[in-house]
Amino acid sequence: MKDLFAVIMLSGIYGLLSASFFVSMDAVDVAFTEASVGAGISTLLMLVAITMTGRTENPSRHKPLLALAVVIVTGSLLIYGTLDMPYFGSAQAPIHQHVAPRYINDSMQEVGVPNIVTSVLASYRAFDTFGEVVVIFTAGMGVLALLSAVRRPRDVAEIDSFNKSMYEEHLILRIVAKMLIPFILLFALYVQFHGDYGPGGGFQAGVIFAAAIILYAMLFGMNTARRVINQSFIQLFAAIGVLLYGSVGVISLLNGKNFLDYSILSADPIAGQHLGILLIELGVGFTVASVMVIIFFNFAGRRNNQQNKENNDSC
Amino acid sequence: MLIAATIAILVVMIMAIVRGIMGPTLYDRILAVNMFGTKTVLLISLLGFVMGRPEFLDIAIVYALINFISVIGVLHYSDASIFKRSDQQKK
Amino acid sequence: MNISSVLLLLIGSFLCISGGVGILRFPDFYTRMHAVGVTETLATAMILIGLMLQNPDGLVVVKLMIILLMTLFISPTASHALASAAVHNNLMPELDNKEDNKKVKSSNP
């Protein structure tokens, strides 16, 4: 398929579909992440990206037959490999032998969080999650370094004229969005702080928060959104998130425990675990939301600059 | 009855995919994706009841929101832009 | 209680399927959108109310009502945005009479 736009639409459908798989396999947290990241924000970011690159794929000069053959052979080998694997849900599977029983049996006493996924993600495997947050932060910094738009002085008259045209044309969309955005932000906070008890956590909450801001930016114009959300402020927040996460680890290190061992944070180990998980989820939420907004602002801001340049050239 | 409703929604989802792949115009594809999204919301809430885990409803809420935001995003950043006319008038 | 729930779920599923048939069978974009947009809201409402009548506990009913409210806001708005985008970009509905079709196309550069 050469039409990149159709490809994005179909990949959006694929995101929705794979989240349905995860739901039917009882993996609530994964489905949640897929819903917010796979179907939501990545579709949006890809859309913004193709507005800069053009809508159709370049005609390829070579025939990718060799690649197809390699893919088919690898795929069939992988499928052949699955024949040796234990059956789905089998109690003898290696994955159910080593650490999983410990997580399931002891996490309630050791961490005291009802959602085992959260206790694995944020407590047992906190160092991995720290790595993920740093990767996201690095991605945001990379986009900032490569695409950072030259900031023009804010043109108040331009904003006003845009607002005027919008009020006439997209009244319904704007009013509905105005009613929905506070609710979306509230729901993001619910997801953030309810992660201990149900599906959710910092990653999902950050993405939902960013999606609300992106909705605002799309309907009310980039310049208006920039007036609401200061770009340097949000860059600061991305760094604060990583810093918060790392400093929790350093505090437990200074108190004579391992890196990111939260039991030391409070006199009662369980309360310490709760506090630690809350803090690092907050850090994750800050970083993810800020980085998503940074990426979107830089992509869309660059597009606006391009359009302005074309307009000036044609005039 | 819950399972019957789930199967009905699955059938409708397949129909939406067919239209999304066939879709002669861009708008047909967007319409198919939008329909697919709302049906996914229903499917997830039904599955929550079938499997007896109603906390799935959180995911359904996220879907409803994300679906709306994606449709607006698609309409904004595509050839089908609803903002096109105002641009042309400016020129 | 249970009978009404089953009845509502049944009506909802029927409406969903009729919308699905509509999106496949109808000839042009606007009629397809009509089929989807009209059935979608009612079918969602029916199925969600049917689920509410299955006697879940309080929080679940509240969440279902949130989903219902949001669907009632979002789905018509999305349909409106889609239709207005199609109209702005000169997508013409297919007309019954072939000559009318040509006229519409020629009058629209």
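Residues numbered from 1 in each chain as written. Chains lettered and ligands numbered in written order. Predicted model: local features only at pLDDT ≥ 70, side-chain atom pairs only at ≥ 80, totals over all residues. Heavy atoms only, no water.

### Considering the interface of chain C and chain A
No. 1: Listed per partner, the contact involves nine residues of chain C and eight residues of chain A.
No. 2: Taking both partners together, chain C and chain A bury about 710 Å²; carbon and sulfur atoms supply 87% of that area.
No. 3: Where chain C touches chain A, the interface holds zero salt bridges.
No. 4: Where chain C meets chain A, there are one residue pair in polar contact (both at pLDDT 80 or more).
No. 5: Among the residues forming the side of chain C that touches chain A, the class breakdown is five nonpolar, three polar and one charged. (Contact = heavy atoms within 4.5 Å. Buried area = accessible area lost by both parts, 1.4 Å probe. Salt bridge = Lys/Arg side-chain N within 4 Å of Asp/Glu carboxyl O. Polar contact = N/O pair within 3.5 Å; in protein donor to acceptor, adjacent residues only side chain to side chain. Nonpolar A, V, L, I, M, F, W, Y, C, P; charged D, E, K, R; others polar.)

### Let's talk about helix H2 (residues 28–53) of chain A
No. 1: Taking 1.5 Å per residue, 26 residues should reach 38 Å; H2 of chain A reaches 36 Å between its end C-alpha atoms and fits that length.
No. 2: Gly-54 of chain A occupies a position one or two residues after H2 of chain A and carries a positive phi of about 105°. (Helix = DSSP H or I, 4+ residues; strand = E, 2+ residues; numbered from the N terminus. Expected span 1.5 Å × (residues − 1).)

### Some remarks on the environment of Leu-72 of chain C
No. 1: Its place among the elements puts Leu-72 of chain C in helix H3 (residues 58–88).
No. 2: Using a relative accessible area of 41% as the deciding quantity, one classes Leu-72 of chain C as partly exposed. (Buried < 20%, exposed > 50% of the residue type's maximum accessible area, 1.4 Å probe, protein only.)

### Overview of the domain arrangement of chain A
Residue and element names in this part refer to chain A.
No. 1: Along its sequence, chain A is organised into domain 1 (1–96) and domain 2 (113–315).
No. 2: Residue-level contacts link 13 residues of domain 1 with 21 residues of domain 2.
No. 3: Interface area for domain 1 against domain 2, summed over the two sides, is near 1500 Å², with a carbon-plus-sulfur share of 81%.
No. 4: Looking only at domain 1, the three residues that lose the most surface to domain 2 are Asp-29, Phe-32 and Met-52, adding up to 39% of its buried area.
No. 5: In this structure, the connection of domain 1 to domain 2 is made through zero salt bridges. (Domains from an automatic or database assignment.)

### Looking at the interface of chain B and chain A
No. 1: Each partner contributes residues to the interface: chain B has 40 residues there, and chain A has 46 residues.
No. 2: Carbon and sulfur atoms make up 78% of the area that chain B and chain A hide from each other, which totals about 4100 Å².
No. 3: Area buried by chain B at its contact with chain A is led by Tyr-63, Ile-69 and Tyr-77 of chain B, which between them contribute 17% of it.
No. 4: Summed over the shared surface of chain B and chain A, the number is zero salt bridges.
No. 5: Where chain B packs against chain A, one counts one residue pair in polar contact (both at pLDDT 80 or more).

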